[in-house]
Amino acid sequence: MKKLICILLISNLILCACSKKNETVHGFAMDTYISITVSKKDVPAAKSAIKKCRDYEKIFSRTDKKSELWKVNHEGKTPSGELLDVINFSLSVSEKSDGAFDITVAPLSTLWNVKERTYPPSAEEIANALKNVGYKRLDTQSFSLNGTTLDLGAIAKGYTADKIFEDFKAQGIKKAIIDLGGNIYVIGEYTVGIRSPFKTDEAYCTITLKDKSAVTSGAYQRYFDYEGKRYHHIIDPKTGYPSEGDIASVTVISPSSKTADALSTAIFVKGTDALSLCSLYDDTGALIIMNDGEIKTTEGFDEKYNLKK
Ligand code: ADP
Ligand code: MG
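Computed from a prediction, not measured in an experiment: that's the story for all the values here. Numbering of residues starts from 1 in every chain and runs along the sequence as written. Each chain gets a letter, beginning with A, and each ligand a number, beginning with 1, in the order they are written. Whole-chain, interface and lining totals are the exception, using all residues; otherwise, since this is a predicted model, local features are given only for residues with pLDDT of at least 70 and side-chain atom pairs are given and counted only at 80 or more. Side-chain metrics rest on all non-hydrogen atoms present in the structure, leaving aside hydrogens and water.

Colleague: In this structure, what is going on with the overall build of the protein chain? I would like to understand it.
Modeller: Under the DSSP-based scheme used, a helix requires at least four consecutive residues in state H or I and a strand at least two consecutive residues in state E, with every element numbered from the N terminus. Within the protein chain, the secondary structure is distributed over 8 helices and 12 strands. As a reference, a globule follows 2.2 Å times the number of residues to the power 0.38, and the radius of gyration itself is taken over C-alpha atoms. Computed over the C-alpha atoms, the radius of gyration of the protein chain is 19 Å, within 12% of the 19 Å expected from 2.2 N^0.38 for a compact globule of 309 residues. Dimensions along the principal axes, computed over C-alpha positions, put the protein chain at roughly 60 × 45 × 35 Å. Counting the 309 residues in the protein chain, one finds 56% classified as buried. We call two residues contacting when some pair of their heavy atoms lies within 4.5 Å. By sequence separation, contacts in the protein chain at least 24 residues apart represent 60% of the contacts at least 6 residues apart. Counted as positive: Lys and Arg. Counted as negative: Asp and Glu. His and the chain ends are not counted at all. Where a charge sits is defined by one atom per residue type, namely NZ (Lys), CZ (Arg), CG (Asp) or CD (Glu). On the protein chain, the mean spot of the 41 positive side-chain charges and the mean spot of the 40 negative ones are 7 Å from each other. Exposure classes here rest on a 1.4 Å probe applied to the protein chains alone. A residue is buried below 20% of its type maximum, exposed above 50%, and partly exposed in between.

Put into structure tokens, the structure is as follows:
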């Protein structure tokens with residue numbers, strides 16, 4: 001197949017369509033727009049992948065009252081299988097990131113509900129929700145939530161992207177762009193643009209990926225503004241407020257999309273020092289765009305991913 005050069009922004013916008021041999025299948029699941037670009041013969045596989053996203057949504061959704069996670073959070077169900085795997089992996093990231101990544105933020109995500117809110121909750125409401133937050137409450141041995149609830153919003157898309165990647169590989173698919181609302185996994189080599197956090201319809205820089213996932217977390221994705229201040233959806237589990245720092249966005253590159261997803265959130269909360277978390281995972285690197293526009297990367301990143309500003 002002719003080599004494709006395709007620029008896509010990490011966050012669901014393909015700038016230039018690929019060759020005529022390809023097709024993009026669109027869908028909506030996990031509260032996000034999904035697009036999967038494959039060669040024409042692989043369209044059925046792309047359609048199955050979109051169905052797979054819906055199937056995983058039925059496991060991982062925090063808000064769907066029929067989901068498996070809802071039953072764990074509200075009906076005393078003990079998680080098993082893939083749900084338990086994701087919970088255990090999440091706990092390991094919480095430990096490594098000293099709680100910056102924490103799926104027990106659910107009481108706070110529910111309170112902040114940035115999708116619908118127009119003004120921040122009171123300090124008292126936040127303090128009350130915070131009492132039920134903290135990954136150390138969670139006991140996965142005898143499974144007990146100990147008063148908290150779980151939110152897999154910062155990892156479910158990554159986990160799903162990994163599973164689609166594995167399916168595509170098993171089917172011998174050699175070229176694909178799997179884009180779950182900014183959680184990207186490419187099969188084959190592609191140059192992708194990292195969305196500017198300042199002008200969100202533009203690329204800030206480009207990188208070249210081969211058989212890798214790239215995931216971005218940023219304050220510009222989901223938020224509301226109130227009295228001149230921005231309140232976004234990534235919460236600092238220590239304060240109970242949207243995390244405040246000098247980072248505009250974090251992009252993590254890894255062969256494991258669940259790792260990239262979790263780490264992009266963790267580094268966003270913890271700050272630039274947390275770039276060192278990448279070294280704990282195989283073949284994983286990161287790029288931070290600071291609020292003042294400066295780019296910071298892990299060692300060797302710029303050459304490895306052919307970073308162009
Ligand atoms: P997105 O999924 O919007 O691309 P993230 O991967 O950074 O962005 O995940 C943010 C989502 O994860 C929030 O909407 C919320 O559901 C949940 N979340 C917020 N703060 C944290 C945190 N500190 N640790 C784990 N999950 C979080
Ligand atoms: Mg994430």
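And the narrative resumes.
Colleague: What is the right way to read the coordination of the magnesium ion (ligand 2) from this model?
Modeller: A four-donor tetrahedral metal ideally has 109.5 degree angles, and a six-donor octahedral metal ideally has angles of 90 or 180 degrees. Within the first shell, the magnesium ion (ligand 2) binds the protein through Ala 154 (O), Asp 261 (O), Asp 261 (OD) and Thr 265 (OG1), at distances of 2.2 to 2.7 Å. For Na, K and Ca the donor cut-off is 3.2 Å, while for other metals it is 2.8 Å, and in both cases only N, O and S atoms qualify; water is not among them, so sites may look incomplete. One chain supplies every donor for the magnesium ion (ligand 2), spaced along it as A-x106-D-x3-T. Taken as a pair, Asp 261 and Thr 265 lie in helix 7 (residues 257-270) at a separation of 4 residues, close to a single helical turn.

Colleague: What should I look at first to understand the packing of helix 1 (residues 43-60) against helix 6 (residues 156-170) in this one?
Modeller: All axes here are fitted lines through C-alpha atoms, helices being fitted over the stretch that makes contact, and every angle between N-to-C directions spans 0 to 180 degrees. Two elements in contact, helix 1 and helix 6, have axes separated by 10 Å at closest approach and are oriented at 145 degrees. Our pair here, helix 1 against helix 6, has a crossing hand that is right-handed. Across from Ala 45, Ala 46, Ala 49, Lys 52, Cys 53, Tyr 56 and Phe 60 in helix 1, the residues of helix 6 making contact are Ala 156, Tyr 159, Thr 160, Lys 163, Ile 164, Asp 167 and Phe 168. Only Asp, Glu, Lys and Arg are considered charged in this grouping, and only Ala, Val, Leu, Ile, Met, Phe, Trp, Tyr, Cys and Pro are considered nonpolar; every other residue, Gly among them, is considered polar. Grouping the constituent residues of the contact of helix 1 with helix 6 by class yields 10 nonpolar, 1 polar and 3 charged. Crossing handedness: left-handed means the near helix sits turned counterclockwise from the far one by under a right angle, and right-handed means the same turn made clockwise.

Colleague: How should I be thinking about the environment of Ser 90 in this particular structure?
Modeller: Within the secondary structure, Ser 90 is located in helix 3 (residues 81-96). The spatial distance from the C-alpha of Ser 90 to the C-alpha of Glu 299 is 25 Å, given a sequence separation of 209 residues. Not counting residues within four places of it along the chain, the set of residues in contact with Ser 90 comprises Phe 101, Ile 103, Leu 152 and Ile 155.

Colleague: Could you clarify how one ought to interpret the site of ligand 1 in this entry?
Modeller: Here a residue is considered near a molecule or strand provided that any single heavy atom belonging to it is located within 4 Å of it. Contacts to ligand 1 come from 18 residues, most closely from Asp 151, Ser 217, His 233, Ile 235 and Thr 265. Each polar contact in these results corresponds to two N or O atoms within 3.5 Å; when the atoms are within protein, one needs to be able to donate a hydrogen and the other to accept it, and residues that are neighboring in sequence are counted only if both atoms are side-chain atoms. Contact distances for ligand 1 include 3.2 Å between an oxygen atom and a backbone N or O atom of Ala 154. Between ligand 1 and His 233, the relevant distance is 2.8 Å, taken from an oxygen atom to a side-chain nitrogen or oxygen of the residue. Here the accessible surface of atoms and residues is derived via Shrake-Rupley with a 1.4 Å probe, and residues count as covered only by protein chains that are part of the display. For ligand 1, the protein covers 93% of the area, taking 560 Å² as the surface of the free molecule. No other element matches helix 7, which puts 3 residues into the shell around ligand 1. Taken together, the residues that form the shell around ligand 1 break down as 8 nonpolar, 5 polar and 5 charged.

Colleague: Teacher, can you tell me more about unusual backbone geometry here?
Modeller: If you check the backbone angles, Glu 227 has positive phi at about 45 degrees while not being a glycine. Residue position: Glu 227 is located in the loop between strand 8 (223-226) and strand 9 (229-232). Its identity is not glycine, yet Asp 283 carries a phi of approximately 50 degrees, on the positive side. Looking at the element boundaries, Asp 283 is found in the loop between helix 7 and strand 11 (285-290).

Colleague: Hey, could you run me through the pattern of salt bridges in this one?
Modeller: Two side chains with opposite charge may pair up if their charged atoms get near one another. Salt bridges, as used here, are contacts in which a Lys or Arg side-chain nitrogen is within 4 Å of a carboxyl oxygen on Asp or Glu. Enumeration over the complete set of coordinates arrives at 13 salt bridges. As a salt-bridge pair, Arg 230 and Asp 225 come within 2.9 Å of each other at their nearest N and O atoms. Residue classification places Arg 230 among the partly exposed positions, given a relative accessible area of 38%. Exposure remark for Asp 225: the relative accessible area of 43% places this residue in the partly exposed category. Counted as one network, the salt bridges with shared partners bring together Asp 31, Lys 115 and Arg 222.

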